[in-house]
Amino acid sequence: MELIVAVDKNWAIGKNNELLVRISNDMKHFRRLTEGNVIVMGRKTLESFPGGRPLPNRANIVLSRQKMLDAKGATVVSSLDELREEIRKYEREKIYVVGGESIYRLLLPYCEKAWVTRLDYAYEADAWMPNLDETEGWSLEDPGEEQTYFDVIYYFSLYRNEHPKQL
């Protein structure tokens, strides 16, 4: 299982259930990695997608405590055990955790890689990802090359978990 996220200098990921900034190359990067694969998210992340609908060309799995959640086109699971059963249907390297904050925190120990778009700016935020530079067992494998989007400098970085747990 892998993770994909965009973070600012403080590892912030969003505000008011929205991304901090929309960068077209980051959206293309996300699409390139996740299309044809499986994405795992929380309810709020699903609600942040266009029309609150699952993303096309992917198997969408929503982990939510709301058992009656109506997520047409997505599979809804309400526990880690149910998620474990659902993802057994897929190859581990084709599963991407896509947010939000509580889902990242819950599933981080089970991820082998993290594809992190690092934004060289500190935004006002209300949701954060654990700082992988300070998380035991995680190391920066590829810092990525500097890229710019208007005045925002960013990097497509790859982190690796030295000892991922099995889900």
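Our subject is the structure listed above.
Residues numbered from 1 in each chain as written. Predicted model: local features only at pLDDT ≥ 70, side-chain atom pairs only at ≥ 80, totals over all residues. Heavy atoms only, no water.

### Notes on unusual backbone geometry
- Residue Gly-100 is bonded to the preceding Gly-99 through a cis peptide linkage, with omega at 0°.
- Note that Gly-100 resides in the loop between β7 (95-99) and α4 (101-107).
- In this structure, Asn-16 is a non-glycine residue whose phi angle is positive, near 55°.
- Relative to the elements of secondary structure, Asn-16 occurs in the loop between β2 (12-15) and β3 (18-19).
- Even without glycine at this site, Asn-57 takes up a positive phi of about 60°.
- Within the secondary structure, Asn-57 sits in the loop between α2 (43-48) and β5 (59-63). (Helix = DSSP H or I, 4+ residues; strand = E, 2+ residues; numbered from the N terminus.)

### Brief notes about the side chain of Asn-161
- With respect to the helices, strands and loops of the structure, Asn-161 is situated in strand β12 (residues 152-161).
- A distance of 3.0 Å separates a polar side-chain atom of Asn-161 from the backbone oxygen of Cys-111.
- A polar contact is formed between the side chain of Asn-161 and the backbone nitrogen of His-163, at a distance of 3.1 Å.
- Residues within four places of Asn-161 in sequence aside, it is in contact with Leu-108, Pro-109, Cys-111, Glu-112, Gly-137 and Trp-138. (Polar contact = N/O pair within 3.5 Å; in protein donor to acceptor, adjacent residues only side chain to side chain. Contact = heavy atoms within 4.5 Å.)

Interpretation in functional terms is not warranted from these geometric data alone.
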